[in-house]
Each structure stands twice: as C-alpha cells, then as structure tokens.
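The primary structure of each chain is shown beneath.
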Amino acid sequence: MKVSLIRCFHASPELLARRRDEDSFGLKTARRESNKGKFRKREIGKPPVEAAYVPPKPKKTIKSSQDKTVDIFEGMAVVELAKQSGASITTLQDILVNVGEKVDSEFEPLSIDVAELVVMELGFNVRRIHSSEGTEILPRPPVVTVMGHVDHGKTSLLDALRQTSLVAKEAGGITQHMGAFVVGMSTGASITFLDTPGHAAFSAMRKRGAAVTDIVVLVVAADDGVMPQTLEAIAHANAANVPIVVAINKCDKPAADPERVKNQLGAEGLELEDWGGKVQVVEVSAVKKTGLDDLEVALLLQAEMMNLKARVDGPAQAYVVEARLDKGRGPLTTAIVKAGTLVCGQHVVVGHEWGRIRAIRDMVGKSTDKARPAMPVEIEGLKGLPMAGDDIIVVDSEERARMLSSGRKKKFEKDRVRKINEERTENLEPSEDVPKRAEMPVIVKADVQGTVQAVTDALKTLNSPQLFVNVVHVGVGSVTQSDVDLAQACGACIVGFNVKSPPTSVSQAATQAGIKILMHSIIYHLLDDFGNLVVDKAPGTFETQVAGEAEVLNIFELKGRSKAKGDDVKIAGCRVIDGCFTRSSTMRLLRSGEVVFEGSCISLKREKQDVDTVAKGNECGLVIRDWHDFQVGDIIQCLEQVLVKPKFISSESGTVRIEC
C-alpha cells in the first residue's frame with residue numbers, strides 16, 4: 001500500500017495574506033527571477049548589446065619631481081627641509097648618512113651645501129636663497145649693462161668713456177662677446193659696465209646681462225631709430241625689473257632726429273622724463289665725445305636713488321659672465337661679485353665644475369688677492385669650463401667641493417637623458433601626414449663659452465620641416481683631430497667661430513674624410529654660409545607644375561583595329577602654345593576652364609613620327625590613356641614634378657630663417 005507524503009507548512013494568517021498580495025501584483029515572481037543570479041536561463045535569439053568603448057579617465061599625476069624646485073638656505077633644519085621637499089624625515093636622515101653627515105636631531109641646522117646634496121638626491125631642482133645680512137654693509141658701484149640694436153654705437157660709446165679702442169679688436173666692427181670692465185669717472189666714482197652684443201643671434205647674452213645688472217643703458221642711433229633688438233632689450237630690462245637710461249647716440253650725423261626716437265620710445269611704453277616720466281634721456285655722440293658728462297651724471301643720479309649697498313664680509317656670491325679656455329692657464333672665468341669677498345685660495349663650485357682659485361685678475365690683467373662687490377674679475381683654477389650664467393659658490397673644503405660638483409653632474413646627466421627620452425617618445429609614432437625630416441649633425445667650436453651658446457642657438461633657428469639641425473657636440477677652442485674623428489663617425493659638419501684655423505694635418509684629414517669645416521669670425525657671414533648649406537642638404541619637396549599648354553585643333557579617329565591591338569583610338573591634334581610637351585608626363589584636360597580629366601600620355605607624334613618632346617609653336621598628335629571624348633578648343637596641360645628646395649631668408653635686423 002502506497003502512502004503519499006504530505007508536507008505541511010505552517011504560516012500565520014498575516015503571512016498568508018501577504019503572500020496572496022505579492023502573487024496578485026507579480027512581486028513574488030520578480031523576486032524569484034532576481035534571485036537566480038548567474039544561473040538564470042539565458043534568452044536565446046537576442047544578440048548581446050555591444051556598448052561603445054569608453055577609455056578610462058587618465059589619473060591625475062603628481063607634478064614630476066624633475067619640475068619641482070626646492071628653496072634652501074643656510075641653517076635649514078631637517079624637519080623644514082622635509083616640509084619643503086615633501087619627503088619623510090627618515091628618508092632625509094638616510095640620505096644624510098650616505099653623504100657622510102651625522103645628524104642627531106631633526107631640528108639640527110644643516111649647511112646650505114649639504115641641503116643641496118640632499119635635494120639633488122631626491123631628484124628635485126634647487127634654488128639657493130642667500131641672506132643679505134652682514135656685519136659690514138657698504139655702498140657699492142652700480143653695474144650698468146649697455147644694450148641696443150647692432151651697429152648703434154654701444155661699444156663706441158664705452159670706448160669714448162674709457163678712452164680705449166675696443167671696436168678695432170672686434171671682427172667686423174661689431175661686438176660678439178660680453179665684456180665687463182670698470183670705468184672711473186672724473187668725479188672719482190666708478191661704474192662697472194657690461195657690453196652686450198646687439199646682433200639677433202646673441203639674445204641669450206643680452207638676457208644674462210639684464211639679469212645681473214642694476215641699470216640698463218639703452219643705446220639708440222639717432223639716424224636709425226627703434227629697431228627689433230632695441231625692443232628686445234626693453235623687454236629684457238622690464239622682465240628683470242631694471243631701470244632704463246636712454247642714450248641717443250650719433251647725434252652728430254646730418255640725418256639725426258632725436259625727437260623721432262623719443263616718439264618711437266614713447267609709443268613702445270617708455271615713460272620718458274621729458275614727458276613727465278622716470279626714464280632719463282641723454283643725447284650723446286661717441287665720435288665727437290659730446291654728452292658723456294650728462295650720461296655720467298644720469299647714471300650716478302639713478303644709482304644714488306637706488307641706494308645700492310652690498311655685504312662685504314662673509315663668503316662671496318658671484319655670477320659667471322663669460323668663460324674661455326687658455327692654452328697656458330686653462331679654464332678662465334670672467335665673473336662679477338654680487339656680495340661678499342672672493343679671496344684667492346678659496347674652493348669654489350661653479351655650475352657642475354669645481355676648483356681652487358689659483359689667481360684673481362682684474363679686467364686690465366693686474367693680479368689681486370680679493371674681489372669685492374660689483375668688481376669684474378677673471379678667475380683661474382677651475383677644473384673645467386663652466387657655463388655662462390652659472391653662480392659661483394664658495395665652500396669650506398675640497399671634499400665638499402668635489403661632492404657638490406659630483407652631485408650636480410649626476411643631476412645634469414639625469415635631466416639630459418630624461419629630455420632625450422621624452423623627445424624620442426614624442427617622435428615614436430610620427431603622423432603619416434608629416435614627412436620625415438632629414439638630419440644635419442653639427443659640431444660647434446668657438447672662442448668663449450657664451451659665444452658657443454649663442455652660435456648654437458642661432459644655428460638651431462634654421463630648423464625647418466624638411467631638415468633638423470642636430471648639434472651633437474660643442475666646445476671651446478680650435479678645431480682638433482678628435483672633432484674631425486667625431487664628425488666622421490656621425491657624418492657631421494664642423495662650425496668654427498672666432499677661433500684659429502685648424503692645423504694643416506687636421507684640415508687634410510677633414511678633406512680626405514669629406515668633412516666640411518666652416519670657419520668664420522663674423523656672425524653675419526656664418527649664418528649666411530650655414531643657411532645656404534642647410535638649403536643644399538634639405539631633401540626638398542616635389543610640386544606639380546605646368547610645363548606646357550596645347551590647344552586641340554582637330555580630332556582624328558583610328559578605326560578598324562584588330563582585337564589584338566585593342567579598341568578604336570581617338571587622337572587629339574594640337575598646337576603647343578606655351579612651354580613644351582613631354583611624352584612621359586601626365587596630361588590634364590581643361591574644358592571651359594575646368595579640369596575634366598588627368599591621365600598619362602601613351603602616344604606623342606609629330607609629322608607621323610614618335611617623339612619624346614614637342615616645343616612651343618609646333619603641332620602634334622597625342623593620345624591620353626582611358627580618354628576618348630576630345631572636343632575642338634580643349635586645352636591640354638603637360639604636368640611635371642619639380643623638386644623645390646627651401647629658401648634661406650635673412651632680414652635687415654639680423655634674424656634668419658628657412659622658408660619651405
């Protein structure tokens with residue numbers, strides 16, 4: 001006997017009523033379907049919906065450590081350095097142990113040199129903040145930079161002030177170096193002058209001059225007026241927040257018009273003293289030596305209003321104006337002391353170079369034991385050649401100098417490699433529309449470091465979409481055999497500016513290797529010669545040009561051809577009205593001024609003979625591939641591909657460019 005099993009579920013009347021309500025509204029079914037989860041039966045027949053791909057939002061990256069600059073100062077505590085850099089105190093203490101510094105407390109002060117080493121180990125940039133406080137603060141002479149357009153008489157004006165002849169020593173009569181010297185006035189006061197080049201290629205030198213100066217003398221020729229480098233000098237002075245004194249030179253010339261110059265300067269935003277402003281204007285003549293006393297009074301008055309003082313005691317802070325390599329004395333650095341006293345025998349760090357000061361000479365060449373503020377001097381004893389614009393830092397010992405120089409070199413090399421990698425990453429996947437550029441490697445040699453930088457920057461301005469000027473090596477001194485070997489290895493040309501001609505053996509080696517050496521002493525000639533070389537090396541672009549035009553006079557049809565020879569052929573009988581026709585060229589058919597068809601020429605005959613070219617005025621018959629609808633009066637153009645080279649353009653202001 002079968003007994004059925006009955007399951008009994010006990011529920012309260014309230015629960016049964018709730019279930020009935022859920023069944024009536026369909027809520028229970030929906031809940032059961034939703035509970036099935038991943039085991040739910042997939043619906044058949046409906047394709048899955050393909051949603052559009054949305055790329056993930058890029059995460060906000062923290063500012064790169066290479067772009068961050070940390071301010072440091074003497075006596076900075078570890079905890080303050082941690083706050084400035086964003087690193088933990090434990091990390092800083094580990095770095096201090098690695099550099100050989102023992103720090104017992106996080107509140108212990110650090111020297112500014114040790115703080116710089118720690119920041120460089122973290123990979124940040126460093127900005128030193130020096131205190132101007134001292135026990136002995138005395139008035140100092142003003143540092144005056146003479147700026148203006150090329151050939152406006154800047155060096156001639158300084159020549160008249162110090163009664164020497166410097167212009168005759170400069171090639172071409174234009175300044176191509178930054179000179180620093182002291183001029184003693186008749187009143188007994190002294191002024192330190194910086195003479196900057198006026199050519200467009202030396203913009204970096206003018207910028208350095210404005211950065212270190214107290215007053216800018218803006219020289220404008222009375223017969224020439226405001227020019228591009230004049231405006232650039234005004235911009236540099238305003239950027240450095242330096243007052244300007246205007247010297248209108250060449251007032252002795254018949255075409256001189258000082259009032260026109262004043263109107264031009266006023267239009268550029270200079271508030272001249274004659275019009276109620278603060279900018280003094282002095283009319284001078286360097287040739288006749290007139291107005292020099294007025295210029296001296298204006299400069300001393302401006303310096304007196306500025307109340308220039310500097311700390312005399314303590315370690316010196318100096319600025320590199322220029323650097324050159326001497327065969328007998330090694331690296332020589334021209335510098336201006338900003339504060340403190342630079343003493344012979346001190347260990348210094350200049351950029352990423354270091355050394356012990358072996359000798360200090362003034363700009364006349366006289367040896368001295370010390371250099372005070374605003375005094376331009378020439379320093380001898382560095383291990384390498386620094387960059388123009390570097391700061392000179394006095395350190396306690398040779399060990400500290402070596403360590404600081406080594407850290408800076410490592411940081412410099414890391415930044416250089418990072419920059420190269422970034423450029424490679426940018427050019428990793430070039431666009432198809434942008435044509436590949438040819439590369440022209442260049443080696444630059446010049447007489448001083450500042451000129452090397454100026455010439456390098458000027459050559460880089462000749463980059464074009466077709467050719468990239470790649471400066472692979474720069475150096476100070478004449479062209480050597482090692483330069484020729486490097487040029488042969490990378491296929492470079494050598495540019496020597498204002499240096500001695502290479503020895504005969506070096507020139508012969510370069511000739512045998514097919515290496516071009518450009519030797520110049522005037523920047524105009526160098527840029528012209530190099531610009532023409534760039535144009536020759538550029539690959540150029542092919543452009544379609546019309547080589548000739550012909551008018552259709554009659555139409556001939558060739559019928560009855562066999563199947564092997566193809567269909568019937570229509571021949572256009574033409575007369576060449578301009579240029580010439582070539583059989584290998586592409587033909588363009590114009591009707592009523594509009595392009596109807598373009599195709600290749602498969603047959604060109606003159607007087608029943610196949611010819612390659614037909615000159616102007618002659619009649620011919622031609623057949624265009626895949627075109628049979630000729631009409632009398634149509635114009636047929638003969639097209640040819642012409643290689644067009646870029647153009648080298650040099651303006652009157654001295655700026656150069658390559659126009660493609």
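To be clear, the structure that these remarks concern was listed above.
Residues numbered from 1 in each chain as written. Predicted model: local features only at pLDDT ≥ 70, side-chain atom pairs only at ≥ 80, totals over all residues. Heavy atoms only, no water.

A.B. asks: I would appreciate a short explanation of the overall build of the protein in the present structure.
C.D. replies: Within the protein one finds 15 helices and 36 strands. Buried residues in the protein amount to 42% of all 660 residues. Taking the contacts inside the protein whose residues are at least 6 apart along the sequence as the reference set, 70% of them involve residues at least 24 apart. (Helix = DSSP H or I, 4+ residues; strand = E, 2+ residues; numbered from the N terminus. Buried < 20%, exposed > 50% of the residue type's maximum accessible area, 1.4 Å probe, protein only. Contact = heavy atoms within 4.5 Å.)

A.B. asks: Looking at this structure, I do not really get the environment of Ser367. What am I missing?
C.D. replies: Position of Ser367 relative to the elements: it lies in strand E18 (residues 367-368). When the C-alpha atoms of Ser367 and Val377 are compared, they prove to be 9.5 Å apart, with 10 residues separating the residues in sequence. Leaving out residues up to four positions away in the same chain, Ser367 has contacts with Ile360 and Arg361.

A.B. asks: How should I be thinking about the pairing of strand E21 (residues 391-395) in this particular structure?
C.D. replies: Along E21, 4 of the 5 residues are buried, which leaves the element largely enclosed by surrounding structure. Sheet topology places strand E13 (residues 317-326) next to E21; 3 bridges connect them, and they run antiparallel. The residue bridging Ala318 from the neighbouring strand is Ile392, located in E21. In this sheet, E21 lies alongside strand E16 (residues 347-350) in antiparallel orientation, the contact comprising 4 bridges. Bridge pairing in E21 links Val349 to Ile393. (Pairing = 2+ DSSP bridges.)

A.B. asks: In this structure, what is going on with the state of the cysteines? I would like to understand it.
C.D. replies: Here a disulfide denotes a covalent bond joining the sulfur atom of one cysteine to the sulfur atom of another. Enumeration over the complete set of coordinates arrives at 0 disulfides. The closest cysteine sulfur to the non-disulfide-bonded Cys490 is located on Cys493, 9.6 Å from its own sulfur. Left without a disulfide partner, Cys580 is nearest to the cysteine sulfur of Cys638, which lies 6.6 Å away. (Disulfide = S-S within 2.5 Å.)

A.B. asks: Can you help me understand the sheet that holds strand E22 (residues 438-446) in this one?
C.D. replies: The strands making up a sheet are joined through hydrogen bonds of the backbone, oriented either antiparallel or parallel. The 4 strands lie next to each other as E23-E22-E24-E25, forming an open sheet whose pairing is parallel. On the outer flanks of this sheet lie strand E23 (467-476) and strand E25 (517-520), each paired with one strand and no other. Neighbour to neighbour, the strand axes of the sheet diverge by 20° on average, direction disregarded. Pairing analysis gives 4 bridges linking strand E24 (residues 493-497) to E25, with the strands arranged parallel. Counted as the bridge partner of Gly496 is Met519 from E25. Relative to the sheet, helix H13 (residues 481-490) contacts E22, E23 and E24, its axis offset from that of E22 by approximately 175°. (Axes fitted to C-alpha atoms, helices over the stretch in contact; angles between N-to-C directions.)

A.B. asks: Any chance you could explain unusual backbone geometry here in plain terms?
C.D. replies: Backbone phi values are negative for most residues with the exception of glycine, while trans is the configuration of most peptide bonds. Its identity is not glycine, yet Ser592 carries a phi of approximately 60°, on the positive side. Examined against the element boundaries, Ser592 turns out to sit in the loop between strand E29 (586-591) and strand E30 (594-606). Of note in the backbone geometry, Lys608 takes a positive phi value of approximately 65° without being a glycine. You can see Lys608 is positioned in the loop between E30 and strand E31 (609-610). Under the relative-accessibility criterion, Lys608 is labelled exposed at 80%.

A.B. asks: Please clarify how the nonpolar core should be interpreted in this entry.
C.D. replies: Across soluble globular proteins, nonpolar side chains show a tendency to be buried alongside one another. Ranked by internal contacts, the top residues of the largest apolar core, which has 29 residues, are Met440, Val442, Leu459 and Phe530. Discounting chain neighbours no more than four positions away, the residues touching Leu459 are Val442, Val444, Val469, Val495, Leu527 and Phe530. The next biggest cluster of nonpolar side chains, apart from the first, holds 24 residues, and it includes Leu157, Leu158, Val219 and Leu299. (Core = buried A, V, L, I, M, F, W, Y, C linked by side-chain atoms within 4.5 Å.)

A.B. asks: Sorry if this is basic, but what is going on with the side chain of Asp113 here?
C.D. replies: Residue position: Asp113 is located in helix H5 (residues 112-122). Apart from the residues within four sequence positions on either side, Asp113 is in contact with Arg128, Ile393, Val395, Arg400 and Leu404.

A.B. asks: Sorry if this is basic, but what is going on with helix H4 (residues 89-98) here?
C.D. replies: Helical geometry note: an α-helix holds 3.6 residues per turn, so side chains three or four residues apart project in the same direction. Listing the buried residues of H4 in full gives Leu92, Ile95 and Leu96. Taken around the axis of H4, the buried residues stretch over an arc of 100°, which confines them to a single face. In H4, the exposed positions angled more than 90 degrees off the buried face are occupied by Val97 and Asn98. Residues of H4 that are buried sit in contact with helix H3 (78-85), strand E3 (109-110) and H5. (Arc of directions from axis to C-beta.)

A.B. asks: I would appreciate a short explanation of the pairing of strand E33 (residues 619-624) in the present structure.
C.D. replies: Side-chain direction in a regular strand flips from residue to residue, so the side chains alternate between the two faces of the sheet. Taking burial as the measure, the 6 residues of E33 include 5 buried ones, the bulk of the element. Here strand E27 (residues 569-579) runs beside E33; their pairing, made up of 4 bridges, is antiparallel. If you follow Gly573 over to E33, its bridge partner there is Gly621. Two elements, E30 and E33, share 4 bridges in a ladder whose sense is antiparallel. By the bridge assignment for E33, Lys605 is matched with Gly621.

A.B. asks: Got a minute to help me understand H5 in this structure?
C.D. replies: In terms of residue burial, H5 counts as a mostly covered element, since 9 of its 11 residues are buried. Residues of H5 that are buried: Ile112, Asp113, Val114, Ala115, Glu116, Leu117, Val118, Val119 and Met120. The positive-phi residue at the C-terminal boundary of H5 is Gly123, with phi of around 90°.

A.B. asks: What is the right way to read the packing of H3 against H4 from this model?
C.D. replies: Each packed pair of helices is defined by two parameters, the angle between the axes and the distance between the axes. Two elements in contact, H3 and H4, have axes separated by 9 Å at closest approach and are oriented at 115°. Classified by the angle between their axes, H3 and H4 sit roughly perpendicular to one another. At the point where H3 passes H4, the crossing takes the right-handed sense. Between H3 and H4, the contacting residues are Val78, Val79, Leu81, Ala82 and Ser85 on the first element and Ile89, Leu92 and Leu96 on the second. Each residue belonging to the contact of H3 with H4 can be placed in one class, and the counts come to 7 nonpolar, 1 polar and no charged. (Parallel < 35°, antiparallel > 145°, perpendicular 65-115°, else oblique. Left-handed = near helix turned anticlockwise from the far one by under 90°. Nonpolar A, V, L, I, M, F, W, Y, C, P; charged D, E, K, R; others polar.)

A.B. asks: It is not clear to me how the pattern of salt bridges should be interpreted in this structure. Could you clarify?
C.D. replies: Between side chains of opposite charge, a pair can form as their charged atoms come close. In this structure the tally under the stated criterion is 23 salt bridges. Where Glu116 meets Arg408, a salt bridge forms, and the shortest distance between an N and an O atom there is 2.6 Å. Here Arg408 lies in helix H11 (residues 398-426) and Glu116 lies in helix H5, a separation of 292 residues in the sequence. Across the pair, Arg408 and Glu116 agree in class, each one buried. Residues joined in a network through salt bridges with shared partners are Arg324, Asp326, Arg329, Arg358, Arg361, Glu378 and Glu380. (Salt bridge = Lys/Arg side-chain N within 4 Å of Asp/Glu carboxyl O.)

A.B. asks: Help me understand the environment of Ala115 in this model?
C.D. replies: Following the sequence through the fold, Ala115 ends up in helix H5. Setting aside its immediate chain neighbours within four residues, Ala115 contacts Ile72 and Leu81.

A.B. asks: Can you help me understand the packing of H4 against H5 in this one?
C.D. replies: Put simply, H4 and H5 touch, their axes get as near as 10 Å, and they point 115° apart. Considered as vectors, H4 and H5 are oriented roughly perpendicular to each other. Relative to H5, H4 is oriented so that their crossing is right-handed. Packed against H4, whose contacting residues are Thr91, Leu92, Ile95 and Leu96, the element H5 presents Val114, Val118, Glu121 and Leu122 at the interface. Looking at the contact of H4 with H5 residue by residue, the classes come out as 6 nonpolar, 1 polar and 1 charged.

Nothing here speaks to function; it is all geometry.
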